[in-house]
Structure formats: C-alpha cells, structure tokens
Amino acid sequence: MKSLSVAIVVLLFAPGAAMAGAPCAPPDITGLYTGTAGTPGGANADLTLNLYCDAGHISAQIFTSMGDFDVKTVTVEDRHVSVDFDTGASLGTLTATRNDDLLAGNFVLAGDSGTIALRRTGDALGADAMKPNLDLTPAQWHADLQFLAGELPRRHANAFFFISKNAFEAEVGALDKRIDTANADEIFVGLQQIVKSIGDGHTGVGTPPPDRRVMPIEIARIGDDFRIAAVGPGLDAALGARLLKVGEMPVADAWKRVLTLTSQAELMALRQEDALVYLSRGYALHGLDIVPDRNHVVYTLRDDSGRVFTQDVQGLAPGQTVDMKSGYSDAALRFQKKDAPFWCKALPEDKAVYCGWRSYQNLAENAKAMFALIDRTHSQKLIIDMRDNGGGDNTIGYAELIKPIEGRADLNRKGRLFVLIGPLTFSAAMNNAAQFADETNAILAGETIGERPNSYQEPRQFRLPNSHLVIRASTLYYEFRKHGENAVRPNKEIIPTWDDVKAGRDPVMDWVLAQKAE
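Just so we're clear, the structure is a prediction, and the values are computed from it rather than from any experiment. (Residues numbered from 1 in each chain as written. Predicted model: local features only at pLDDT ≥ 70, side-chain atom pairs only at ≥ 80, totals over all residues. Heavy atoms only, no water.)

### Details of the overall build of the protein chain
Next up, step 1: Broken down by element type, the protein chain carries twelve helices and 24 strands.
Next up, step 2: On C-alpha atoms alone, the protein chain measures out to a radius of gyration of 25 Å, which is about the 24 Å that the 2.2 N^0.38 rule sets for 518 residues.
Next up, step 3: Each principal axis of the C-alpha atoms in the protein chain carries an extent, and together these give about 70 × 55 × 45 Å.
Next up, step 4: Buried positions account for 51% of the 518 residues belonging to the protein chain.
Next up, step 5: Residue pairs at least 24 apart in sequence account for 66% of intrachain contacts in the protein chain once pairs closer than 6 positions are excluded.
Next up, step 6: Total accessible area on the protein chain stands at roughly 22,200 Å², and carbon and sulfur atoms take up 49% of it.
Next up, step 7: Distance between charge centroids for the protein chain: 5 Å, based on 53 positive and 65 negative side chains. (Helix = DSSP H or I, 4+ residues; strand = E, 2+ residues; numbered from the N terminus. Rg over C-alpha atoms; globule rule 2.2 N^0.38 Å. Buried < 20%, exposed > 50% of the residue type's maximum accessible area, 1.4 Å probe, protein only. Contact = heavy atoms within 4.5 Å. Areas by Shrake-Rupley, 256 points an atom, 1.4 Å probe, with all protein chains shown as cover. Lys, Arg positive; Asp, Glu negative; His and termini not counted. Charge placed at Lys NZ, Arg CZ, Asp CG, Glu CD.)

Structure below.
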C-alpha cells in the first residue's frame, strides 16, 4: 500500500497521545476543532484537533480519517498554536492561527507542506474521551451498529465486491437482534465479523478491545497440526505439543469459528495466519462461545511421545507482558534482528548477501548500504527475505530496491536474485514482491502470499460514536497482476515441517543457497 502523498499521509495519521505544552492562559485557544487538511495536489483528509488544558498546560490530540499519531509538544502564543508530531517515520510541525471560531494554517513534513482549515465545533474533550469503551448500554450498542452499517458501505471503495448488500444487511440484522442479551465480547466479535465480511485485508476493526486477555502462548499450524510454538513462564511442558482442544471444543471446530474473524475474500494463507492469533485471545474465544471464561483457557495437548495432557493458561491483564520462550531457533537468519527494518549479512562461503526486509523505515539509506556490501564482497547471489514484511509504501520499495536491482546485470539474473515470501508478506510488501516477480529475474521461494495482488487497499478510518472503536475501510483498488491468477505464488514452494523448526533449519534458505547461477 502506498500513501496519497508523503506529507498528507504522515501528518494526518497523527494520533491521540498528547504531551503538556504552553501554560493554559488567556486568550483561551482550547476547544475541539474539525475540518480538513490537504496538499497542493488536492488530496484532502478529515482532521480533528483537540486542544485541551491538562494540569495547567495546553495539550493536543489529532484524529483523522487516515489514522492517529503521537503529538510531542504544543506551543501557544496569543492566537497562534504550533504542534510538533511524530509519524513513526519522521517528525513534522503543524502551525495555525485562530480567528474567531476558525483555525487555519499549514503543516510541514520532510520537505513537503500543506494547509489546514478547521472550525471550533465544541469544548475540548478530556484526554481519555476517545479511548475505546465496551461498557455500553444496549441502546448505545444498537446506535453504534447502525452507524457502522451506514458508514462502512459509504466509505469503502466497493463494499459489496465480495459480500452482497442483502447478505451484509442480514448480518447486521442478526447482530442487532442479539445485542440486548449479548455480552461485550460477543458484540465486539459480531462487529468484527461484519466488518471482515467485506472481504479485503485492509478493511477491519482498527482497535482491539481495551482488555484482549492475551494468553501467553503462540500457536502455529504446521501441515495439518496445530502446534504450541511459544510459551510464557511456567508453560514449558506445552512447547511443541499438538493442540487437540480449546476448552471443551475440538480444535477443528474452534478453527472454523476463529476463521470468521478474518478477511473473507483473501487467500486462506493470510486468513490462517490471522486466525491463529485468535486461538490465544480470551475476548475472541469467549465472544465466539468457544470458552465460558475470557480470563483463562484450558488447552488439551499431545506431546510427541503421545502423552495427552491439559494446560490451564491464565490470560495477561492489560499492559502486562512476559518473556516468551520460542520453539523457533534464532540460528536461522530469518529470526535474527527482529527489530531491524532492513539488515544485511554477507555469507562468504556461499558468495551471497542475505537481507532481512521487515519494514520500510530508512529504506533509501539501507538500500545503499546493501549495494555497497554486495560490491565490497563481490557477492554473486542476493537473497531478500520478505516473509515477515507487513508493508509500508510500495513506491519507496520500487524506487530504492526493485528498479536499481532491475538495472544491475550482475544481480538481475536467474539464480542470482532470490526473494523469499510467505503468508505474512502483506500490503506494500505483497505489491513489491509481485513487482519483483513481474519485472526482474528474481526467483520467488517460500509460501504463497496471503493477500491478493489485485485488491482494495489504502484504508481510511472512522470512529463509532459510543464505543469509539476505529473502523478502517479500503478506499482504492490496486491491480498488480494484469494477467493470470490473482495471487503471488513462489516459483519454488517450500513448507517447513516441525522437524525443521525443532532442528533450527530454514529449508527455504537451504534450497536457495544450493542453487547455482545461470
């Protein structure tokens, strides 16, 4: 997925955190301001600026149709306000002047600029006013559901490309009938099922419940088996075991239910990876009526000796974290430097360079370092691992990696360029993987990407009026495959086994390193 423009996307993704700024003093500039922000090119987005007094100082929150980012500092002089923000990728500044109820000005970010035009529509909100809240009355839930039913089709580029309008309205009606007797988990899950029925991977509920009640285990599907792939403290006996039941429900039946929380029009490869997460989320298991208590789950397991046993796993409280023990060995390059957006390592014995590409931060600088390493080591093989890349801006990936590689005869040859892909290669990463396949001589190895290359993307968000849950709706259709199947499949499919996991092997890398250049 790419942004409409660097400036508008990153500014307008600005969020809800705020830090204290100038003292609260006359003239009072506090209030809730709503309007638009845009670039000279004409791209616009809804923008809400909440300027409020917090412990004697002006603080700010910015909410937009493109997302929420952290506000760092606020400066106020007379009728002028300046807000510094962090997009997660770079820093920017919004400046504006108040004239009666109007607040107008501009923003600057990474050399780009745009304008804002806002009107004061009410008093300032409290700092927690827009946080998700599931403690609602049935009447409030009914109102949120009806708002969703109207706004989601209106905002989506083509809401009924997969599900029919009649089927969508039937799902809404079914949940509406259940609300009066349903608990909060059941209602949240019902909302998620409705939103995910639209089908594309970018449309969904953008905020999880305030209390997800995460079980400190991770579950993987290896072949036909569900395995416990990572565990928290005190759960070592479960590591590596096969999952047989969740609560009293056979895992095959629980699996069908959690799949209803995934993007219905995407390939099963992506839906499976998403659904696995819900097998260890108390709110989802409770909301789907798989377990009676969201706070803990009894899993029935079988170890490799054939012993069947149960493991009662207590969920983590909000904000609680624990160190997890993984069944995956960090001997494999894929599982090293997980926090690095893009890193490379020379493999002298194989005359190769391996690069783990997880995200797009500082990609221009990192790409230059990659090419320098290749030239310095005279490597004959480049391996770009995109199996854990969740996306960013595909135009940056295309400009900094794909086009330069395409122009290098020493790299753009069969047997010299390999791109590793998998179910979690998502959004912009999926787009760039399709471009590698179509525009270079890269050999794609690994597993089929879960997201379809021709799909709806570029989500914009809105909030439900009472729960304040964020709903994301895709607004543009991208077509990255002009012919053939609407999927990005590897030239060489390699599916790891549990024996590979236990031994710390990466069979995809083993196969790539064994290939000879043409």
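### Things to note about the sheet that holds strand β6 (residues 91-99)
Next up, step 1: Sheet architecture is open: eight strands sit in the order β3-β2-β1-β8-β7-β6-β5-β4, paired in antiparallel fashion. What marks the edges here is a single partner per strand, and that holds for β3 (57-64) and β4 (70-77). Across the sheet, the mean angle separating the axes of adjacent strands is 25° when strand polarity is ignored.
Next up, step 2: With eight bridges joining them, strand β7 (residues 102-109) and strand β8 (residues 112-122) adopt antiparallel strand pairing. What sits directly across from Val 108, in β8, is Ser 113. (Pairing = 2+ DSSP bridges. Axes fitted to C-alpha atoms, helices over the stretch in contact; angles between N-to-C directions.)

### A short note on the packing of aromatic side chains
Next up, step 1: Enumeration according to the criterion identifies 13 aromatic pairs in this entry.
Next up, step 2: Considering the side-chain rings of Phe 226 and Trp 255, the 5.0 Å spacing of their centres and the 65° angle between planes classify their relative orientation as edge-to-face. Residue Phe 226 is located in strand β11 (residues 225-231), and its partner Trp 255 is located in helix α5 (residues 251-258); the two are separated by 29 residues in the primary sequence. Considered together, Phe 226 and Trp 255 belong to a single accessibility category, that of buried residues.
Next up, step 3: An aromatic cluster is built from Phe 161, Phe 162, Tyr 456 and Tyr 477, whose rings are joined through pairwise contacts. (Phe/Tyr/Trp six-rings, centres within 6.5 Å; stacked < 30°, edge-to-face > 60°.)

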